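As a plain string of letters, each chain reads:
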Amino acid sequence: MLEKLSLDGKTVVITGGGTGLGREMAVAMARAGADLVIASRRQGPIDETADLVKAEGRKAIAVSTDVTDSSQVRNLFDKTLAEFGKVDVLFNNAGIVRGQGSIPIWEVSDEDWHLGIDTNLTGAFYCCRAIAQHMIERGGGKIVNVASGFGFRGGRDNYMYACGKGGVVQLTRTITTSMSRYGIICTCIAPGYIPTEGTAASNDTLPRGEFIPIGRVGYPHEMGPLAVFLASESSDYMNGEVFVIDGGGLAGGFAPTGYAPEIPLEV
Ligand SMILES: NC(=O)c1ccc[n+]([C@@H]2O[C@H](COP(=O)([O-])OP(=O)(O)OC[C@H]3O[C@@H](n4cnc5c(N)ncnc54)[C@H](OP(=O)(O)O)[C@@H]3O)[C@@H](O)[C@H]2O)c1
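Note that the structure is a prediction, hence the values are computed from the model and not measured.

1. Observations concerning the nonpolar core
Then comes step 1: Residues Met-29, Leu-36, Ile-38 and Ala-231 are the most contacted members of the largest nonpolar core, which totals 66 residues.
Then comes step 2: Looking at this core, the element that brings in the most residues is helix 4 (residues 110-137), giving nine residues.
Then comes step 3: Here Leu-36 is in contact with Val-12, Ile-14, Ala-26, Met-29, Ala-30, Val-53, Arg-58 and Ala-60, once residues within four sequence places are set aside.

See below:
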């Protein structure tokens with residue numbers, strides 16, 4: 001049974017793999033047998049993740065890439081194919097976790113909008129577009145996108161992140177309906193609040209788990225097993241769906257919108 005979770009011989013490309021959730025998922029997939037290509041803008045963090053993958057006995061390369069630039073995305077896959085000859089799984093994990101802060105719509109500049117949407121959505125689209133034909137020629141592949149609970153709800157003064165992540169959910173569905181016939185399986189992970197470098201700006205202000213049914217925020221390492229599962233053949237019939245990993249947050253409508261988070265109910 002457990003052999004169905006094995007990633008032996010698989011090549012996985014993960015964007016945003018130098019830090020936070022991406023690093024945890026990369027190392028977990030290496031432990032399950034995968035070779036990794038790790039991409040993000042800063043070379044230092046992706047080199048460190050590559051070293052962690054190698055320490056697990058797997059191969060790894062780190063390719064500095066800004067996913068908002070389609071020529072850099074093409075370079076990422078050129079280097080991947082030159083090194084490994086194939087891509088079995090693409091993880092679109094790069095994102096900005098509310099990087100621009102919370103500002104009213106009239107203060108959102110064109111640059112703010114494009115940075116948020118391009119990082120959280122366009123980059124994933126570029127990566128899917130760059131590798132689709134390769135996957136089709138090989139008879140298939142897997143694409144796993146990383147959205148957020150904000151892909152399913154609004155947030156006060158939270159335009160680029162919520163719209164970008166909602167777009168990532170729709171990208172997942174559109175890839176599925178367009179490319180399943182070629183053997184490409186596409187799924188999506190929607191994490192809840194998991195403190196990382198990316199959430200640093202709000203780690204001191206967001207609730208520490210009081211409003212999450214399970215009573216705590218998530219740990220980055222909790223993303224690893226889900227990543228392995230979605231990259232492996234165990235999940236081959238799961239397609240076009242979003243897997244929420246949030247301690248039950250969305251189930252109860254957990255939403256740090258900036259309003260009173262909870263109104264006592266007499267029910
Ligand atoms: N942590 C949470 O609570 C949470 C909740 C829901 C969803 N998520 C999603 O989970 C993913 C990982 O987030 P995280 O919490 O692990 O934050 P993180 O540590 O900041 O990771 C985000 C990664 O994306 C990379 N990145 C940012 N812009 C990029 C660009 N233009 N091109 C390439 N890479 C870029 C960053 O590396 P560089 O700066 O080196 O480029 C960084 O390694 C994100 O998509 C985020 O939206 C996180």
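2. Some details on the site of the ligand
Then comes step 1: Close to the ligand lie 31 residues; Gly-16, Gly-20, Arg-41, Gly-95 and Gly-198 are nearest.
Then comes step 2: Counting residues per element, the ones that place at least two in the shell around the ligand are helix 1 (20-31) and helix 4.
Then comes step 3: Residues that form the shell around the ligand fall into these classes: ten nonpolar, 17 polar and four charged.

3. Details of the environment of Leu-250
Then comes step 1: With respect to the helices, strands and loops of the structure, Leu-250 is situated in the segment after strand 7 (242-245).
Then comes step 2: With 38 residues separating them along the chain, Leu-250 and Ile-212 place their C-alpha atoms 8.6 Å apart.

4. Comments concerning the pairing of strand 6 (residues 184-191)
Then comes step 1: With eight of eight residues buried, strand 6 lies mostly within the body of the structure.
Then comes step 2: The alternating pattern of strand 6 places Ile-184, Cys-186, Cys-188 and Ala-190 on one face and Ile-185, Thr-187, Ile-189 and Pro-191 on the opposite face, and all of these are buried.
Then comes step 3: Pairing geometry for strand 5 (residues 141-146) and strand 6, over six bridges, is parallel. The partner of Ile-143 across the bridge, within strand 6, is Cys-186.

Cut-offs and rules
- Residues numbered from 1 in each chain as written.
- Predicted model: local features only at pLDDT ≥ 70, side-chain atom pairs only at ≥ 80, totals over all residues.
- Core = buried A, V, L, I, M, F, W, Y, C linked by C-beta atoms within 7 Å.
- Buried ≥ 20, exposed ≤ 12 C-beta atoms within 10 Å, placed from the backbone.
- Helix = DSSP H or I, 4+ residues; strand = E, 2+ residues; numbered from the N terminus.
- Contact = placed C-beta atoms within 7 Å.
- Near = placed C-beta within 6 Å.
- Nonpolar A, V, L, I, M, F, W, Y, C, P; charged D, E, K, R; others polar.
- Pairing = 2+ DSSP bridges.

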